[in-house]
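Observations on the model geometry
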Amino acid sequence: MPRTSPQADTSSRAKPAWPAAWLALLALLGTALCARLEFDPAACALAFAFFAAAAVGLRLIVFKSGSVPNVRPSEDAAPPKVETALRLSEERLQLAVEGAGVGIWDWPDVSTDQIWWADKTYELLGYTPGEIQPTISHFAEMLHPDDSARVIDSLRVLKPQSFARQSEYRLRTKSGEYRWFLSSSVATLAPDESTARVIGAIQDVHERRATDELLRRANEGLRNKSEEMEQILYIVSHDLKSPLVTIHGFAHLLRESALEGFRDEDPLPSIDRIAKAAKHMGALIEDILQFSRIGRAPEETEDVDLAAVIDEQRLALADETRLANCDWEVRAPLPVLRANRTRLVQVMQNLIGNALKYGCDKERNRIVIGFEPAGPGRCQIYVQDFGPGIHPSNHGRVFALFQRLEKRKPGNGLGLAIVKRVMELYQGEARVESALGQGARFILEFPEAMLAAPASSRA
Amino acid sequence: MQSPPLNLLLVEDNDDHAELIRMSLAKSGAGFRVIRASDGDAALRVLRERRALSADERIDLVLLDINLPGKSGLDVLQEIKSDPALRSAPVIALTTSDAEKDRALAYQRHANSYLVKPVDYDRFLELVEDFAAYWGRWNQNPFR
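Described below are features of the structure shown in this document. Everything numeric in this text was worked out from a predicted model, so none of it was measured.

**Some words on the sheet that holds strand E9 (residues 365-373) of chain A**
Hydrogen bonding along the main chain pairs the strands of a sheet, whether they run parallel or antiparallel. Residue and element names in this part refer to chain A. Taken in spatial order, the five strands make up an open sheet running E7-E9-E10-E12-E11, and their pairing is mixed. In the strand order of this sheet, the two ends are held by strand E7 (326-330) and strand E11 (429-434), each with one partner. Adjacent strand axes in the sheet meet at a mean angle of 15 degrees, parallel and antiparallel pairs treated alike. Bridging between E9 and strand E10 (residues 378-385) involves seven bridges; their strand directions are antiparallel. What sits directly across from Gly370, in E10, is Tyr382.

**Notes on the environment of B:Asn67**
All names here are of chain B. Examined against the element boundaries, Asn67 turns out to sit in the loop between strand E3 (61-64) and helix H3 (73-81). The class for Asn67 is partly exposed, based on a relative accessible area of 22%. Sequence separation of Asn67 and Asn14 is 53 residues, and the distance between their C-alpha atoms is 9.7 Å.

**Describing the interface of chain B and chain A**
In this complex, chain B contributes 28 residues to the contact, which on the side of chain A involves 17 residues. Note on chain B versus chain A: buried area summed over both sides is about 2000 Å², and carbon and sulfur give 57% of it. Taken together, the links from chain B to chain A amount to three salt bridges. Here A:Glu256 and B:Lys27 are joined by a salt bridge, their closest N and O atoms 2.9 Å apart. Taken together, the links from chain B to chain A amount to six residue pairs in polar contact (both at pLDDT 80 or more). Contributions of two or more residues to the side of chain B that touches chain A are made by helix H1 (15-28), helix H4 (100-108) and helix H5 (121-135) of chain B. Considering each element in turn, the side of chain B that touches chain A owes the most residues, seven residues, to H1(B). The residue makeup of the side of chain B that touches chain A, split by class, is ten nonpolar, seven polar and eleven charged.

Parameters and conventions
- Residues numbered from 1 in each chain as written.
- Chains lettered and ligands numbered in written order.
- Predicted model: local features only at pLDDT ≥ 70, side-chain atom pairs only at ≥ 80, totals over all residues.
- Heavy atoms only, no water.
- Pairing = 2+ DSSP bridges.
- Helix = DSSP H or I, 4+ residues; strand = E, 2+ residues; numbered from the N terminus.
- Axes fitted to C-alpha atoms, helices over the stretch in contact; angles between N-to-C directions.
- Buried < 20%, exposed > 50% of the residue type's maximum accessible area, 1.4 Å probe, protein only.
- Contact = heavy atoms within 4.5 Å.
- Buried area = accessible area lost by both parts, 1.4 Å probe.
- Salt bridge = Lys/Arg side-chain N within 4 Å of Asp/Glu carboxyl O.
- Polar contact = N/O pair within 3.5 Å; in protein donor to acceptor, adjacent residues only side chain to side chain.
- Nonpolar A, V, L, I, M, F, W, Y, C, P; charged D, E, K, R; others polar.

So this is what it looks like as structure tokens:
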């Protein structure tokens with residue numbers, strides 16, 4: 001990138017008294033902005049040339065505005081050739097600034113409150129040029145409360161001759177909306193080496209910030225996925241290996257006994273151990289696969305009657321219900337949902353199965369299943385038990401992958417993780433309301449848009 | 001080896017694995033007396049109860065599964081090693097997890113060794129035999 005342009009050289013020679021700082025300052029600004037805009041190097045060089053050359057032009061503009069002290073009015077003495085060059089430069093600057101969508105501001109004397117805005121600066125903030133009298137106090141008021149202290153502080157400690165300082169902050173535009181701006185600024189020195197003047201430019205980067213935010217969220221999603229993957233690997237290293245140790249070990253022992261003709265050993269217990277371990281392993285693999293498949297492909301939806309799903313579960317979980325000595329209380333009306341049938345069955349089976357397994361610790365037990373509205377545009381299904389309850393500090397853990405609070409009961413820590421994942425897929429949410437000794441109420445909240453028909457009175 | 005058999009506390013929730021370890025130890029001929037606890041609380045109870053008994057009854061060695069129901073094996077390990085009355089007993093983690101994280105955590109909590117249960121039974125047997133050959137002489141340590 002050229003350090004100076006031919007025009008700038010000419011101007012400097014024509015008027016050596018002009019502060020070289022001006023040229024450097026604006027060239028710096030231009031370069032910084034171009035780089036920020038991620039132009040290709042050629043475009044950067046071109047823009048650099050524009051800015052450097054147009055330094056003279058800006059000086060004129062600033063002078064005309066009459067708000068800048070310490071500027072010598074000297075142009076009347078300039079020969080006509082130089083005047084033409086100046087006009088050209090001014091045009092170039094204006095075009096370049098307009099093209100880049102950059103709003104220039106100037107705080108000519110940091111001991112005063114007065115600042116100067118270019119027309120574009122007013123426009124960027126939603127005003128017509130000259131509509132308000134900009135001051136530093138006004139600027140401070142426009143800053144988003146979260147950015148205010150940081151920005152004001154940094155303005156005051158700007159170091160001269162340093163690279164253009166860049167920062168991003170939100171400013172309240174005329175409409176009251178806060179928008180993100182990228183600001184680049186530089187300072188000049190007073191004779192006592194304190195900051196005398198700050199000049200800079202702002203650029204609307206609101207859309208880019210929004211994209212950044214989307215990216216950040218996508219990244220977070222990926223990170224969660226990779227954590228999940230690690231948990232799955234961990235489980236493979238432990239839970240899947242464990243039944244294999246059993247299978248291998250007892251197969252070996254059986255073989256030894258077989259070679260001796262099963263003289264003093266009944267082979268059946270070993271065979272049963274092997275079969276049980278294999279079954280456990282199969283179930284775990286099936287669950288891991290099911291979990292990983294959720295949301296991988298778009299799922300077909302149909303009208304599913306929740307009451308019918310619960311009736312089916314009553315049959316499917318008949319043994320568990322008998323063992324738990326539990327009564328089901330299904331509260332009408334229940335809705336017809338526009339959902340994927342398999343997913344709805346899966347979710348309900350997990351919740352009801354859990355309520356029977358963990359929520360039935362009394363002589364006689366009861367679970368309640370129902371449906372209710374839940375805030376604007378939302379509704380929820382709940383499955384409530386009256387068992388030992390879950391301490392609030394564990395409410396997050398129960399939905400986490402492979403987390404098991406109660407390892408004495410059979411299970412593999414995937415059930416509620418599956419429920420959570422399915423609900424997220426349907427813009428819903430799974431959560432639990434519970435305290436120790438208070439039973440647990442598991443809630444599936446989802447958008448009302450999923451209701452296919454008004455809740456039926458059948459239960 | 002003329003010394004009396006060592007009392008080994010096997011902390012293992014999986015019945016199948018407990019049985020396999022017991023049989024492998026018997027095959028190794030190291031002559032351990034195996035006492036089994038199937039969870040962490042039971043293990044600590046046995047350790048403390050036997051602490052009060054004669055030297056013949058005390059637990060000499062703990063073989064500890066890391067993945068236990070309720071109180072985890074790592075918690076049990078920490079409790080043993082922070083109790084002056086218990087911490088002299090070597091604790092050997094014998095577990096299915098070969099996750100680096102578990103291994104590191106076990107050593108941080110002063111496990112005396114960390115062994116991964118091999119899936120292959122021949123190797124499982126070898127491992128138990130090596131364990132018996134090394135730790136079976138623990139009671140001959142003059143510094144014990």
